[in-house]
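An overview of the molecular structure
Here are the chains, one letter per residue:
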Amino acid sequence: MTSTTIKVEMGVRDDLARVAADELGGVTLNAALAHLLTEHRKAAVLAAYARLAADSSAWQDYEHELDEWDGLAGDGLGGGQ
């Protein structure tokens, strides 16, 4: 694995170390940071779906498109909803 150095404030490093130790089972700081970035990406996707669901017309269009794609699957399982 190739690595690099990043500059962070000592308090940030210490906070990350506490999260790694207390909440993530003692993983390395690298693993803790990777986990937090993954969680951040998941939260962004969920927020985007929430914004879409808040617009009933857009959500209906989205579900219609899902049904169209499901119909193209050719798996014989039928439409989504």
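Look up a bit, the structure's there.
An account of the accompanying structure is given in this report. (Residues numbered from 1 in each chain as written. Predicted model: local features only at pLDDT ≥ 70, side-chain atom pairs only at ≥ 80, totals over all residues. Heavy atoms only, no water.)

**Here we look at the layout of surface pockets**
Selection rule: Here a cavity denotes a set of grid points, spaced 1 Å apart and computed over the protein atoms alone, in which a 1.4 Å probe fits but from which it cannot get out, and a pocket denotes an open set meeting protein on both sides within 12 Å along at least five of seven lines; residues with an atom within 4 Å of a point are reported as lining. Grid points are joined across faces, edges and corners, and a volume is the space filled by probe spheres set on the points. Note on conventions: DSSP H or I runs of at least 4 residues are helices, E runs of at least 2 residues are strands, and numbering of each starts at the N terminus. Charged means Asp, Glu, Lys or Arg here, nonpolar means Ala, Val, Leu, Ile, Met, Phe, Trp, Tyr, Cys or Pro, and polar covers whatever is left, Gly included.
Volume-wise, the largest pocket comes out at about 210 Å³. Around the largest pocket, the lining residues are Ile6, Val8, Met10, Val12, Arg13, Leu16, Leu29, Asn30 and Leu33. Secondary-structure elements contributing two or more residues to the lining of the largest pocket are α1 (10-23) and α2 (29-54). The element best represented in the lining of the largest pocket is α1, accounting for 4 residues. Residue composition of the lining of the largest pocket, grouped by class: 7 nonpolar, 1 polar and 1 charged.

**A few points about the pattern of salt bridges**
Let me state the cut-off plainly: A pair is scored as a salt bridge if a Lys or Arg side-chain nitrogen falls within 4 Å of a carboxyl oxygen belonging to Asp or Glu. A 1.4 Å probe rolled over the protein chains alone gives each residue an accessible area, and that area as a share of the maximum for its type sets the label: buried under 20%, exposed over 50%, partly exposed in between.
Scanning the entire structure with this criterion turns up 3 salt bridges. Linking Arg13 and Asp14 is a salt bridge whose minimum nitrogen-to-oxygen distance equals 2.8 Å. According to the relative accessible area criterion, Arg13 is partly exposed, its value standing at 39%. In this structure, the salt-bridge partner of Lys42 is Glu39, at a minimum N-O distance of 3.6 Å. Here the residue Lys42 and the residue Glu39 both occupy positions in helix α2, the gap between them amounting to 3 residues, near one helical turn. The class for Lys42 is partly exposed, based on a relative accessible area of 47%. A relative accessible area of 35% means that Glu39 is categorised as partly exposed.

**Considering the packing of aromatic side chains**
For any pair of aromatic rings, the description consists of the separation of the ring centres together with the inter-plane angle of the planes. Where we set the bar: Two aromatic rings, drawn from Phe, Tyr or Trp (for Trp, its six-membered ring), form a pair once their centres lie within 6.5 Å of each other, and the interplanar angle then sorts them: stacked below 30 degrees, edge-to-face above 60, tilted otherwise.
Taken as a whole and assessed by the stated rule, the structure comprises 2 aromatic pairs. Judged by centre distance (5.8 Å) and plane angle (65°), the ring pair of Tyr49 and Tyr62 falls under edge-to-face. Of this pair, Tyr49 sits in helix α2 while Tyr62 is found in helix α3 (residues 56-72), placing the two residues 13 residues apart along the sequence. The exposure class assigned to Tyr49 is partly exposed, which follows from its relative accessible area of 38%. Taking the centre distance of 5.1 Å and the plane angle of 45° together, the rings of Trp59 and Tyr62 count as tilted.

**Side note on a nonpolar patch on the surface**
Formally: A patch is a set of surface residues, each over 30% in relative accessible area and not in a salt bridge, joined within 9 Å for like charges and within 5 Å for the nonpolar side chains Val, Leu, Ile, Met, Phe, Trp and Tyr. Here the open area of atoms and residues is found with the Shrake-Rupley method and a 1.4 Å probe, where only the protein chains shown may cover a residue.
Taken together, the side chains of Ile6, Val8, Val12, Leu33 and Leu37 define a hydrophobic patch exposed on the protein surface, amounting to about 420 Å² of accessible area. Among the secondary structure elements, Val8 is positioned in the segment before α1. Exposure remark for Val8: the relative accessible area of 44% places this residue in the partly exposed category.

Interpretation in functional terms is not warranted from these geometric data alone.
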